[in-house]
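Residues per chain, in single letters:
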Amino acid sequence: MKLDVLGLLGACSYALDCVEAELVHVTDKHAKRVAYMSVCMAEQMGIQGESLQDLTAGALLHDNALTQYIQEELHNDIASAIDSAIPLELGIHCAAGEKNMKDIPSHTDIKNVILYHHENADGSGPFGKKWTEVPVFARIIHLCDLLDQVCCSDSFDSDTWQKVEAFLQEITGSIADEECIEAFRHAFSEQHFLSLGEKDVETRLWNRVPRTKQDLSFEQIKALAKFFARIVDYKSTFTSTHSIGVAADAEKLSRFMGFDEETMQKMYLAGALHDIGKVAIGNKILEKPGRLTDDEFAVMKHHAAYTYSILSEIDDFEEICDWAAFHHERLDGTGYPFGKTAAELNTQERIMACVDIYQALTESRPYKQGMPHEKAYGILNDMVEKGWLDGEIASQVDACFDQKMTDIIHEEKQLGE
């Protein structure tokens, strides 16, 4: 399947920015500004072609393991981590991020780029590596990440540029190496740097780095899907495996219903991405074990619209975007975010609505035990009778996921052979 991988990374970097904004208060479009600055610097250093695409991927995903670090290493939820101001161990999240990047297809060798992207030129970073021991991509990303965090804010003016000048003078030779500093100075005048505050920074990034589609195997698509599902699911311990569960259910049900291989792959990817909009929802709402208030539910409902907005940025992704984003639509038009009716919802969108509910009912969460199949199917059937879900697809869910029925079908196939 051909996929706009860079477009997917760019769209989903918004998810990372939402997480970082909650954790370390970075500003909007942080990842895309870091990527744009990195590319401009790299061009001054003679880097071009596919190497620029790999640098862009690394810059967009440089903090991909931040949420994972909070959950796994601190054994804590995000809100508690923020409240107690626990310092982030840079080396741990760099190591986790490096491991995650193995799931991202690349054209060139990107080994140690994420691992060493917080190393200082003088060897005072988390792994004690001096700049001569660090890949150039890591050095570039490190400088651009620091510049964006230290100097960029909601306003870009002459004071911002003065901050840049003072900061560069302070870190040259200690935090950042002179080669990178020189490349930055050649790439950015005051006017050019201040233009980072304009809304078209993403457009300018893609004008410099063309997004060519990559032909990926299903295993590569699964690895990529799992990478993005982890970003969503690590944000909340309450739904820590939900996205991959929906992806697996969507693939299994599509296979059971006889769809072709490409459709099954697309359904897996749509399932993994269906809740990516939840990164824009605060954890106080996401992790509330009790019933949400009307106001809280109104906020929660926005997540499906955020999913649609995020995935709409990817070239030729309209079909997967719709399958992912319409999982809370109902046949009678009372669903959200767009109030679609039966006439506007195709089979894959109806499938996603069913498997999302089925997976949520049958999976265990910190505040509840997962339901057995029979009880979950009973709830789906009630929703069918209310006119919300497709009855035929709900019946297919029953046949596909009921272990007793699956065993009978398997035995009949064996007898037929």
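One structure accompanies this document, and this report is about it. Please read all numbers here as calculations on a predicted model, not as lab measurements.

Re the overall build of the protein chain
Line of reasoning, step 1. Across its full length, the protein chain carries 22 helices and two strands.
Line of reasoning, step 2. Residue burial in the protein chain is summarised as follows: out of 417 residues, 52% are buried.
Line of reasoning, step 3. Total accessible area computed for the protein chain in this model is approximately 18300 Å², and 48% of it derives from carbon and sulfur atoms.

Some points on the side chain of Thr263
Line of reasoning, step 1. The topology assignment puts Thr263 in helix 14 (residues 261-273).
Line of reasoning, step 2. Since its relative accessible area comes to 12%, Thr263 is described here as buried.
Line of reasoning, step 3. Apart from residues lying up to four places away in sequence, Thr263 is in contact with Trp323 and Gln348.

A look at empty space enclosed by the protein
Line of reasoning, step 1. In the structure shown here, the tally under the stated rule is five cavities of 30 Å³ or more.
Line of reasoning, step 2. Of the pockets and cavities examined, the largest cavity occupies roughly 70 Å³.
Line of reasoning, step 3. For the largest cavity, the lining is made up of 14 residues, of which Glu119, Arg139, His142, Ile175 and Asp177 are closest to its centre.
Line of reasoning, step 4. Ranked by the residues each element gives to the lining of the largest cavity, the list is headed by helix 7 (residues 136-151), at three residues.
Line of reasoning, step 5. Residue composition of the lining of the largest cavity, by class: seven nonpolar, two polar and five charged.

Structural notes on helix 18 (residues 318-325)
Line of reasoning, step 1. Among all positions of helix 18, only Ile320, Cys321, Trp323, Ala324 and Ala325 are buried.
Line of reasoning, step 2. For helix 18, the elements touching its buried residues are helix 14, helix 17 (302-311) and helix 19 (347-362).

A few points about the environment of Val113
Line of reasoning, step 1. Mapped onto the elements of the fold, Val113 is located in the loop between helix 6 (90-100) and helix 7.
Line of reasoning, step 2. The buried category is assigned to Val113, whose relative accessible area is 5%.
Line of reasoning, step 3. Residues in contact with Val113, not counting those within four places in the same chain, are Glu98, Pro135, Phe137, Ala138 and Ile141.

Section: the packing of helix 20 (residues 373-385) against helix 21 (residues 391-401)
Line of reasoning, step 1. Remark: helix 20 packs on helix 21, axes separated minimally by 9 Å, with the N-to-C direction vectors making an angle of 175 degrees. With respect to their mutual orientation, helix 20 and helix 21 come out roughly antiparallel. For the pair helix 20 and helix 21, contact is made by His373, Tyr377, Leu380 and Val384 and by Gly391, Ala394, Ser395, Val397, Asp398 and Phe401, respectively.
Line of reasoning, step 2. Taken together, the residues of the contact of helix 20 with helix 21 sort by class into six nonpolar, three polar and one charged.

Focus on the pattern of salt bridges
Line of reasoning, step 1. All chains considered together, the criterion is met by 16 salt bridges.
Line of reasoning, step 2. Lys266 serves as the salt-bridge partner of Glu319, at 2.9 Å between the closest nitrogen and oxygen. Remark: Lys266 occurs in helix 14 and Glu319 occurs in helix 18; sequence separation between them is 53 residues.
Line of reasoning, step 3. What emerges from the salt-bridge pattern is a single network uniting Lys222, Glu251, Arg255 and Glu261.

A few points about the packing of helix 2 (residues 30-44) against helix 9 (residues 178-187)
Helix-helix packing is characterised by the crossing angle of the two axes and by the distance between the axes.
Line of reasoning, step 1. Two numbers describe how helix 2 lies on helix 9: the axes approach to 8 Å, and their chain directions differ by 100 degrees. In terms of orientation, helix 2 lies roughly perpendicular with respect to helix 9. Counting all contacts with helix 2, which are made through Met37, Cys40, Met41 and Gln44, the residues of helix 9 involved are Cys180, Ala183, Phe184, His186 and Ala187.
Line of reasoning, step 2. Of the residues belonging to the contact of helix 2 with helix 9, the class tally is seven nonpolar, two polar and no charged.

Points about the layout of surface pockets
Over the atoms, a rolled probe matching the size of one water molecule traces out where space is still vacant.
Line of reasoning, step 1. Counted as a void, the largest pocket has a volume near 1400 Å³.
Line of reasoning, step 2. In terms of lining, the largest pocket is formed by 41 residues, of which the most central are Leu292, Phe297, His328, Tyr336 and Arg365.
Line of reasoning, step 3. Broken down by element, the lining of the largest pocket gets its largest block of residues, five residues, from helix 19.
Line of reasoning, step 4. In terms of residue class, the lining of the largest pocket is built from 18 nonpolar, eleven polar and twelve charged.
Line of reasoning, step 5. Lining the second largest pocket are Gly10, Ala11, Tyr14, Asp17, Asp28, Lys29, Lys32, Glu202, Tyr306, Ser309, Ile310 and Glu313.

Calculation rules
Residues numbered from 1 in each chain as written. Predicted model: local features only at pLDDT ≥ 70, side-chain atom pairs only at ≥ 80, totals over all residues. Heavy atoms only, no water. Helix = DSSP H or I, 4+ residues; strand = E, 2+ residues; numbered from the N terminus. Buried < 20%, exposed > 50% of the residue type's maximum accessible area, 1.4 Å probe, protein only. Areas by Shrake-Rupley, 256 points an atom, 1.4 Å probe, with all protein chains shown as cover. Contact = heavy atoms within 4.5 Å. 1 Å grid on protein atoms, 1.4 Å probe; cavity = no way out; pocket = protein on both sides within 12 Å on 5 of 7 lines; lining within 4 Å. Points joined across faces, edges and corners; volume = space filled by probe spheres on them. Nonpolar A, V, L, I, M, F, W, Y, C, P; charged D, E, K, R; others polar. Axes fitted to C-alpha atoms, helices over the stretch in contact; angles between N-to-C directions. Parallel < 35°, antiparallel > 145°, perpendicular 65-115°, else oblique. Salt bridge = Lys/Arg side-chain N within 4 Å of Asp/Glu carboxyl O.

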